[in-house]
Amino acid sequence: MAGNDFGGEMRMRLADGTALVLRAAVKLNTAGLSTEVVTNQNGSVSRVATLRSRRAELTIEDTGENFDTLLRAPRQDIYIVEDFTGVSHMFGAAMITGDVSQDRTNGEVTGLMVDAEKYVRTA
C-alpha cells in the first residue's frame, strides 16, 4: 500500500507491449466528471456537472516514436505503474490524444494525454 509515499520510478506500457519512457510527472485526472458553480439571478448557486474522460497527462522522452501511428492507434488498455509506491493505474478502452510538442534541446515530448472510458487503481 502506498500510504503517504509518492514519486519514484514510474513505467508506462501499452496493451501491445510498447513502453514509453516517462520523463516527468504524470498528472492524473481520474474522475469521470468535472463540476462548476453557476450563480442564479436570485443569488443562489447551482452546480453543473460535465462528463469527461479519465485522463493522464504525459511528459515522455523522445525515443523516435512515430507519433502519427501512436495517435491513430486503436483503443487499448494502457498501464502506468509506480514502482516505488506499488500503485498501478489501468486506463481501459484508452487512446493517446493531444497535440505533440517535441523539445529538441532536451529530448522532452509534451502535449500527449491518455484518455479512457474506464480507470482502475490498484495498490
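The present account deals with the structure reproduced in this document. (Residues numbered from 1 in each chain as written. Predicted model: local features only at pLDDT ≥ 70, side-chain atom pairs only at ≥ 80, totals over all residues. Heavy atoms only, no water.)

Focus: the overall build of the protein chain
- For the protein chain, the helix and strand inventory stands at 1 helix and 10 strands.
- Ordered by position in the sequence, the α and β elements of the protein chain form the string β-β-β-β-β-β-α-β-β-β-β.
- A separation of at least 24 residues holds for 61% of the contacts in the protein chain among residues at least 6 apart in sequence.
- Just so you have it, the protein chain exposes about 7800 Å², and 47% of that area is on carbon and sulfur atoms.
- Measuring between centres, the 13 positive side-chain charges of the protein chain sit 6 Å from its 17 negative side-chain charges. (Helix = DSSP H or I, 4+ residues; strand = E, 2+ residues; numbered from the N terminus. Contact = heavy atoms within 4.5 Å. Areas by Shrake-Rupley, 256 points an atom, 1.4 Å probe, with all protein chains shown as cover. Lys, Arg positive; Asp, Glu negative; His and termini not counted. Charge placed at Lys NZ, Arg CZ, Asp CG, Glu CD.)

Some words on the pairing of strand β4 (residues 33–39)
- The sheet contact formed by β4 and strand β5 (residues 45–51) spans 7 bridges and is antiparallel. Across the sheet, the residue bridging to Val 37 is Arg 47, located in β5.
- Counting the residues in the hairpin turn of β4 and β5 gives 5 residues, including Gly 43, whose phi is positive at 90°. (Pairing = 2+ DSSP bridges.)

Considerations on the side chain of Gln 76
- Residue placement: Gln 76 occurs in strand β7 (residues 76–82).
- Those residues in contact with Gln 76 that sit more than four places away from it in its chain are Leu 14, Ala 15, Asp 16, Phe 91, Gly 92, Ala 93 and Ala 94.

Here we look at the nonpolar core
- Counting 19 residues, the largest nonpolar core has Met 12, Leu 58, Ile 60, Ile 96, Leu 112 and Val 114 as the members making the most contacts within it.
- Counting residues per element, the ones that place at least two in this core are β1 (10–14), β6 (54–61), α1 (67–72), β7, β8 (87–103) and β9 (108–116).
- Per-element tally for this core: the top contributor is β9, with 4 residues.
- Aside from chain neighbours lying at most four places away, what touches Met 12 is Thr 18, Ala 19, Leu 20, Leu 22, Leu 58, Ile 78, Tyr 79, Ile 80, Ile 96 and Val 114. (Core = buried A, V, L, I, M, F, W, Y, C linked by side-chain atoms within 4.5 Å. Buried < 20%, exposed > 50% of the residue type's maximum accessible area, 1.4 Å probe, protein only.)

With respect to the pairing of β9
- As paired strands, β6 and β9 are joined by 7 bridges and run antiparallel to one another. Each bridged residue has a counterpart across the sheet, and for Glu 57 the counterpart in β9 is Met 113.
- Pairing of β8 with β9 involves 7 bridges; the strand directions are antiparallel. Within the sheet, the bridge partner assigned to Gln 102 lies in β9 and is Val 109.
- Between β8 and β9, which pair antiparallel one after the other, the connecting turn spans 4 residues, and Gly 107 there sits at a positive phi close to 75°.

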